[in-house]
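The residues making up each chain are set out below.
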Amino acid sequence: MTKKANRRVAACAATLLFSTLATAATGAEDSLVAKGEYLVHAGGCVTCHTADEEGATPLAGGRALQSPFGTFYTPNITPDSETGIGNWSDEDFVRALWDGVNPDGDDYFPAFPYPSYTGVSRDDALAIKAYLFSVEPVASQTPEHDLPFYMSSRVAAGAWKLSYFDAGRFVPEPQQSDEWNRGAYLVRHLAHCGECHTSRGRLGALQADAELAGNPELGEEESAPNITPHKEHGIGRWSVSDIEYFLDIGMLPDGDFTGGAMGAVIEDNTSRLTREDRLAIATYIKSLSPR
Amino acid sequence: MQTKLTGRLVILVAACGLASPIFADTTAEDAKDYRISIMTVLRGHIGATSMTVRGLVDDHGQLAAHADGLANGIAELQYVFQEGSVVDDSEALPVIWEQPEKFAAAIKKAEDATVAFKEAVGSGDSEAIGAAFRNVGMSCRGCHDDFRVAHD
């Protein structure tokens, strides 16, 4: 083979290698984005970060979250660099989820459920970010929170965090099944079920001894029911299949249907999960102490 | 001649009276109670159907009957929301009458879903039956979400 021919073969081989690597990289990126999209639904991001009005742009924020401490407006989490999270680094995003801190170092109010998200794995957090950065940026400035004077400073959020927040990733319990651990991860952390279904103390901290035992003050004149397996006060008469089917289509075992806040959760989140993940959630919930 | 004409008129009026629909003087309470009865019937069909669809009980032919019941009950919904019937324990939201087109579209969606479910049951394809019933459920949930007082 001549030198010229050798060079041609080498050039072809390099092109082929580059093309293969580029395709593999794109494939990996697509797969990360797809995983992130699934986790965005599992994590309830769409429900909270989309305004509660017809035709609202998903993830562009603006939903009013009413609480006993005032009204919080969810931020725009599309990758718009001015009004969204377009300038955030991977570390900024992970720190927000794990530590409840924004890129400027300010503490979030726990209306953002970082006390639950702190258990989310780094891989899952980065997959979520990859998906969020794949959607169309939307320029949308959301309203300032409407809070009483003593909550108007982020110092209040910092003080709350010092008193009530423990950062830490989810650690699987080795004596439990993979299904149970997956359910625990989803319920306690990513899907943050306790943020609605657990009552809060006077300063808004979740009551650990009443985990998932219902919350009479959900806001917007709604309450969240007890979802522990208590036969009278909770869902102890529901089977694993009943819970899984409820999370899929919102049907109660008696043929009635849920609506309100849980209707939105079914629509945007749990109906988008795999049946395996819904069964894992049901398995975990059935294993809790009845309260 | 005049006697014959009068006689024919009497027969005609009597026949019209017999053939005309009877318009009940429905009170708000009656309208609400009737609506709740229809919803209770639907709930029974849905609860029973879901157990068959999920494979928790065998289908001894009841699935087709429940599919008919669902389709018939849903088709009746357009008549059971009498204006002014939000009384006592009614959970219907005012938006039903404030946005009639939106409500009619939601009812139509549920009707279409139940008709498709009947067809799926007729096909005997269990995967198609499950998927079609899921659509029925999602249409019911959508209606309850938008047009009924939120439950716990």
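Residues numbered from 1 in each chain as written. Chains lettered and ligands numbered in written order. Predicted model: local features only at pLDDT ≥ 70, side-chain atom pairs only at ≥ 80, totals over all residues. Heavy atoms only, no water.

Focus: the overall build of chain B
So, point 1. Along the backbone of chain B there are 6 helices and 0 strands.
So, point 2. Of the regular secondary structure in chain B, the N- to C-terminal order runs α-α-α-α-α-α.
So, point 3. Here chain B, with 152 residues, has 34% of them falling under the buried criterion.
So, point 4. Considering only residue pairs separated by 6 or more positions, chain B has 72% of its internal contacts joining residues 24 or more positions apart.
So, point 5. For chain B, the exposed area adds up to about 9200 Å²; of that, 59% sits on carbon and sulfur atoms. (Helix = DSSP H or I, 4+ residues; strand = E, 2+ residues; numbered from the N terminus. Buried < 20%, exposed > 50% of the residue type's maximum accessible area, 1.4 Å probe, protein only. Contact = heavy atoms within 4.5 Å. Areas by Shrake-Rupley, 256 points an atom, 1.4 Å probe, with all protein chains shown as cover.)

Observations concerning the pattern of salt bridges
So, point 1. Under the defined criterion, the tally for this structure stands at 23 salt bridges over all chains.
So, point 2. The partner of Arg 275 of chain A in a salt bridge is Glu 244 of chain A, with the nearest N and O atoms 3.8 Å apart. With a gap of 31 residues between them, Arg 275 of chain A in helix α11 (residues 275–287) and Glu 244 of chain A in helix α9 (residues 240–249) connect regions that are remote in the sequence.
So, point 3. Residue class for Arg 275 of chain A comes out partly exposed when judged on its relative accessible area of 48%.
So, point 4. For the salt bridge of Arg 148 of chain B with Asp 256 of chain A, the shortest nitrogen-to-oxygen distance reads 2.9 Å. With Arg 148 of chain B in the segment after α6 (126–147) and Asp 256 of chain A in the loop between α9 and α10 (260–268), the pair connects residues from two separate chains.
So, point 5. What makes Asp 256 of chain A buried here is its relative accessible area of 9%.
So, point 6. Residues joined by salt bridges that share partners form a network here, namely Glu 244, Asp 248, Arg 275 and Arg 278 of chain A together with Arg 134 of chain B. (Salt bridge = Lys/Arg side-chain N within 4 Å of Asp/Glu carboxyl O.)

Digging into the packing of α9 of chain A against α11 of chain A
All names here are of chain A.
So, point 1. At a minimum axis distance of 8 Å, the contact between α9 and α11 shows a crossing angle of 130°. Relative to α11, the element α9 is oriented oblique. Note that α9 runs across α11; the crossing there is right-handed. Contact residues: Val 240, Ile 243, Glu 244, Leu 247 and Asp 248 in α9; Arg 275, Arg 278, Leu 279, Ile 281, Ala 282, Thr 283, Ile 285 and Lys 286 in α11.
So, point 2. For the contact of α9 with α11, a count of residues per class yields 7 nonpolar, 1 polar and 5 charged. (Axes fitted to C-alpha atoms, helices over the stretch in contact; angles between N-to-C directions. Parallel < 35°, antiparallel > 145°, perpendicular 65-115°, else oblique. Left-handed = near helix turned anticlockwise from the far one by under 90°. Nonpolar A, V, L, I, M, F, W, Y, C, P; charged D, E, K, R; others polar.)

What about the environment of Gln 207 of chain A?
So, point 1. Mapped onto the secondary structure, Gln 207 of chain A falls in the loop between α8 (194–197) and β3 (215–219).
So, point 2. Through-space distance from the C-alpha of Gln 207 of chain A to that of Glu 276 of chain A is 29 Å; in sequence the pair is 69 residues apart.

Observations regarding the nonpolar core
So, point 1. Membership of the largest hydrophobic core comes to 51 residues, with the highest contact counts inside it found for Val 40, Leu 59, Leu 132, Leu 190 and Ile 285 of chain A.
So, point 2. Counting residues per element, this core draws most heavily on helix α7 (residues 178–190) of chain A, which supplies 6 residues.
So, point 3. Apart from residues lying up to four places away in sequence, Leu 190 of chain A is in contact with Leu 39, Ala 42, Gly 43, Tyr 117, Val 120, Ile 128 and Tyr 185 of chain A.
So, point 4. In this structure, Ile 46, Leu 63, Ala 67 and Phe 103 of chain B belong to the second largest nonpolar core, which totals 33 residues. (Core = buried A, V, L, I, M, F, W, Y, C linked by side-chain atoms within 4.5 Å.)

Focus: the pairing of strand β2 (residues 70–73) of chain A
Residues and elements named next belong to chain A.
So, point 1. Where strand β1 (residues 64–67) and β2 come together, 4 bridges link them in antiparallel fashion. Residue pairing in the sheet places Ala 64 in a bridge with Tyr 73 of β2.
So, point 2. A loop of 2 residues connects β1 with β2, the two strands running antiparallel in sequence. (Pairing = 2+ DSSP bridges.)

Just geometry here; none of it tells us what the structure is for.
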